[in-house]
Amino acid sequence: GVSHNYLREHFYNLWFTLQAQTSAEIENILADLQKRFGIKFHSMPVLQTFKLSVHFNVSGKEHISKNKTIKPKSTEVLLNQEEKYILSNLQKEIEITEKPLCFLATEKLSNDDILRIIQQLIDKGVIRRIAAVIDYKEIGFNANVLFACKVSQDRITVTGEKLASMAIVSHCYERKTFDGWPYNLFGMLHAQSMDEIKRQVDEFTKAEKINSYQLLPTKTELKKEPVQHNF
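Residues numbered from 1 in each chain as written. Predicted model: local features only at pLDDT ≥ 70, side-chain atom pairs only at ≥ 80, totals over all residues. Heavy atoms only, no water.

Concerning the packing of aromatic side chains
Piece 1. Taken as a whole and assessed by the stated rule, the structure comprises 11 aromatic pairs.
Piece 2. Relative to phenylalanine 41, the ring of phenylalanine 16 has its centre 6.0 Å away and its plane inclined at 65°; by these criteria the two rings are edge-to-face. Within this pair, whereas phenylalanine 16 is found in strand S2 (residues 14–18), its partner phenylalanine 41 is found in the loop between helix H1 (23–37) and strand S3 (46–52), the two being separated by 25 residues in sequence.
Piece 3. With a centroid separation of 6.4 Å and 25° between ring planes, the pair formed by tryptophan 181 and phenylalanine 186 is classed as stacked.
Piece 4. Tryptophan 181 sits in the buried class, given a relative accessible area of 2%.
Piece 5. Here the aromatic residues Phe11, Tyr12, Trp15, Phe178, Trp181, Tyr183 and Phe186 are joined through ring pairs into a cluster of three or more.
Piece 6. Looking at arginine 175, its charged tip hangs above the ring of tyrosine 173, at a distance of 4.8 Å from the centre. (Phe/Tyr/Trp six-rings, centres within 6.5 Å; stacked < 30°, edge-to-face > 60°. Helix = DSSP H or I, 4+ residues; strand = E, 2+ residues; numbered from the N terminus. Buried < 20%, exposed > 50% of the residue type's maximum accessible area, 1.4 Å probe, protein only. Lys NZ or Arg CZ within 6 Å of the ring centre and 35° of its normal.)

Side note on the confidence of the model for the chain
Piece 1. Of the residues in the chain, 87% have a pLDDT of 70 or more, and the chain-wide mean is 88.
Piece 2. Averaged pLDDT values for the elements of the chain fall to 49 in strand S5 (residues 62–64) and rise to 97 in helix H4 (residues 156–164). (pLDDT = per-residue confidence, 0-100.)

Overview of the pattern of salt bridges
Piece 1. Using the criterion set out here, one finds 7 salt bridges in the structure.
Piece 2. Between arginine 36 and aspartate 32 there is a salt bridge, with the nearest N and O atoms lying 3.5 Å from each other. Linking arginine 36 with aspartate 32, this pair stays in helix H1, spanning 4 residues, or about one helical turn.
Piece 3. Under the relative-accessibility criterion, arginine 36 is labelled exposed at 55%.
Piece 4. A relative accessible area of 37% places aspartate 32 in the partly exposed class.
Piece 5. Through salt bridges with shared partners, a single ionic network connects Arg155, Lys162 and Glu208. (Salt bridge = Lys/Arg side-chain N within 4 Å of Asp/Glu carboxyl O.)

Notes on the nonpolar core
Piece 1. Membership of the largest hydrophobic core comes to 20 residues, with the highest contact counts inside it found for Phe147, Leu163, Val169, Cys172, Leu185, Leu189 and Ile197.
Piece 2. For this core, the elements supplying multiple residues, two or more each, are strand S6 (143–149), H4, strand S7 (169–175), strand S8 (185–191) and helix H5 (194–207).
Piece 3. The greatest single-element share of this core, amounting to 4 residues, is contributed by S6.
Piece 4. Leave out the neighbours within four places in its chain, and phenylalanine 147 touches Leu163, Leu185, Phe186, Gly187, Leu189, Val201, Phe204, Thr205, Tyr213, Gln214 and Leu215.
Piece 5. Grouped together as the second largest cluster of nonpolar side chains are 12 residues, Leu90, Phe103, Ile117 and Leu121 included. (Core = buried A, V, L, I, M, F, W, Y, C linked by side-chain atoms within 4.5 Å. Contact = heavy atoms within 4.5 Å.)

Pasting the structure below:
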C-alpha cells in the first residue's frame, strides 16, 4: 500500500504515503508496524488537496503549475465490470498507439466507449489524472524540500491556495495534525538550489505572517511508484 517513501532531514525522518480501503485499515497497518519495530507511527490523512500537478519548462529551467482545491470524498464509488477492466489496464504501461488509449478497445468496447468511460471515472473522482512521471533531478531540479507550516483554520483554505499558486510547489495539502506536530499545511518544493527554496519560503512566510514552520529536505528517495489495485 506504500506508493512514496522518503528519508528526510528531521527528527521525524521517515515519511511515506500509505493507501488502504478504509482509515481503520490504515490504523491497523500502522499499529502492526509499531509493534514490529518499536517505533511510533503517526497518521496525517489529507483534509484538502490544493495542488497535485506540475509542468517543468526544461528550456528555461522554470516550472509552471496548476492548482485546484479538492476535498476528499468519503462516499464509496461502485464500479461496473467495464470500469474495472479499464482501471486494471490503465495501471499497466500505456502503449503508444495512433489513437489515444485505443489498445484498451475490445470487441464490445470501441475506442469512443473507452474515452467515454474514462471521462465518467474522472467525473466520479476515481481518476484524477493520466500523466507522465518526470525525474525532476535529471532536468536540474536537485533541491527538494517538504515545507510544513501552522495555519489557523479560518485561513487554511486561502493560505493553502496561495502556497499552491507558487511555481516551485508541486504538491500542496491540508493534513491532520497530532500532538507535538501542529503543522497542518504541507507543500512539496522543487528548485535548482536550497538557497532558492529558502528565499521563496522566507517571502511566503513573511507575506502570510506565518511564524511556525518546518523545512524537511529529502535525503533519500526509497520508493516512488503507483500502488497497483486489483478489482
